[in-house]
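Close look at the chain arrangement
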Amino acid sequence: MYDKINKINRLLNDTFGIPKRSKKLPDPVDLLIATILSQNTNDKNSYQAYKNIKEKFKNWDEVADLPLKKIERTIKVAGLGKQKSKAIKNFLKTIKDKMKPPSASIAKASAKQAKSGKIKLDYFSEMNNDEILIELTSFKGIGIKTASCVLLFSLDRNICPVDTHVHRTLNRIGLVQTKSPEKTFSIINKHLPEGIAHQFHTNLIRLGREICKAAKPKCTICPLLHICRYDEKNLDPLSVQIKNDFMLLDEIH
């Protein structure tokens, strides 16, 4: 699988290019909130919701103490306001109030936060990937995808998050045969070559959005056509130009 992943990654890079990313990685809390907002909506709407909340309130400490309804109204454009506002407030409030910690790491961090008065996840730099995944997914409303996005985009770990696009494309290609993004995530990240997670993840999303769509995939222009095992290929002739799409989590700061 290691060699297959490398081959797929090279073919995607040849088509889409190697995705650029900011030299300054986003703050983990910023990235976490942005990823929650991105669930079940498009990048532009979730980015607008993220900008709304960052511009309206001075810091995450203030957001933690807001009524749920106020958070919900602020992020309305991203949809699922009730669900997302609860997840955001629960996470921020739990960290801020220094509630009974799920691990010694949070207990250690709490003393630092008490001095600074700021909600931070700086202590993650001392933790391994599995510890961070367990820690973050212990919060209601935060799943594997959101937690793994923090690992990749904020901490620069070689972890490939799996959303619906990544799950669909990898199953169609035949790299995995799984029924859930969580299972795909588990398998892929056991065999991921070092240093390719960001480009592999980003270009698979572009592939899923622009070519390997859920309905009527544009197989004739797919760079993976000759290695893809999908039985229901759409081989109707068409002319489509690949476009550079807005990628939310590379824009968070």
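Let me begin by describing the structure that accompanies this report. (Residues numbered from 1 in each chain as written. Predicted model: local features only at pLDDT ≥ 70, side-chain atom pairs only at ≥ 80, totals over all residues. Heavy atoms only, no water.)

A few points about the packing of helix 2 (residues 28–37) against helix 9 (residues 144–154)
Where helix 2 meets helix 9, the axes come as close as 9 Å, and the angle between the chain directions of the two elements is 135 degrees. Relative to helix 9, helix 2 is oriented oblique. When you trace helix 2 past helix 9, the crossing you get is right-handed. In this structure, helix 2 contributes Pro 28, Leu 31, Leu 32, Thr 35 and Ile 36 to the contact, and helix 9 contributes Thr 146, Cys 149, Val 150, Phe 153 and Ser 154. (Axes fitted to C-alpha atoms, helices over the stretch in contact; angles between N-to-C directions. Helix = DSSP H or I, 4+ residues; strand = E, 2+ residues; numbered from the N terminus. Parallel < 35°, antiparallel > 145°, perpendicular 65-115°, else oblique. Left-handed = near helix turned anticlockwise from the far one by under 90°. Contact = heavy atoms within 4.5 Å.)

Section: the pattern of salt bridges
Within this structure, the stated rule accounts for seven salt bridges. Among the salt bridges present, the one from Lys 120 reaches Asp 27, with a minimum N-O distance of 3.5 Å. Separated by 93 residues along the polypeptide, Lys 120 in the loop between helix 7 (104–116) and helix 8 (129–137) and Asp 27 in the loop between helix 1 (2–16) and helix 2 bring together distant segments of the chain. Where Arg 209 meets Asp 43, a salt bridge forms, and the shortest distance between an N and an O atom there is 2.9 Å. With a gap of 166 residues between them, Arg 209 in helix 12 (residues 197–210) and Asp 43 in helix 3 (residues 43–56) connect regions that are remote in the sequence. Each of the salt bridges in this network shares a partner with another, and the network as a whole consists of Asp 65, Lys 93 and Lys 96. (Salt bridge = Lys/Arg side-chain N within 4 Å of Asp/Glu carboxyl O.)

Concerning the side chain of Asp 43
Its relative accessible area of 12% is what places Asp 43 among the buried residues. Engagement of the side chain of Asp 43 in a polar contact is seen with the side chain of Arg 209, the distance being 2.9 Å. (Buried < 20%, exposed > 50% of the residue type's maximum accessible area, 1.4 Å probe, protein only. Polar contact = N/O pair within 3.5 Å; in protein donor to acceptor, adjacent residues only side chain to side chain.)

What about the nonpolar core?
Counting residues in each nonpolar core, the largest one holds 69 residues, and the members touching the most others are Phe 91, Leu 92 and Phe 200. Per-element tally for this core: the top contributor is helix 2, with seven residues. Ignoring any residue separated from it by four or fewer positions in sequence, one finds Phe 200 in contact with Ile 5, Ile 8, Asn 9, Cys 160, Leu 170, Ile 188 and Leu 192. (Core = buried A, V, L, I, M, F, W, Y, C linked by side-chain atoms within 4.5 Å.)

So, the packing of aromatic side chains
This structure, assessed with the given rule, holds two aromatic pairs. Consider the rings of Phe 91 and Phe 139, whose centres lie 4.9 Å apart with planes at 75 degrees: the pair is edge-to-face. Placement of Phe 91 in helix 6 (residues 81–96) and of Phe 139 in the loop between helix 8 and helix 9 is noted, with a sequence separation of 48 residues between them. The same class applies to Phe 91 and to Phe 139, which are both buried. (Phe/Tyr/Trp six-rings, centres within 6.5 Å; stacked < 30°, edge-to-face > 60°.)

So, the packing of helix 2 against helix 6
Put simply, helix 2 and helix 6 touch, their axes get as near as 9 Å, and they point 160 degrees apart. Between helix 2 and helix 6, the angle falls in the class roughly antiparallel. The crossing of helix 2 and helix 6 is right-handed. Contacts from Val 29, Leu 32, Ile 33, Ile 36 and Leu 37 of helix 2 reach helix 6 at Lys 84, Ala 87, Ile 88, Phe 91 and Leu 92. A per-class count over the contact of helix 2 with helix 6 returns nine nonpolar, no polar and one charged. (Nonpolar A, V, L, I, M, F, W, Y, C, P; charged D, E, K, R; others polar.)

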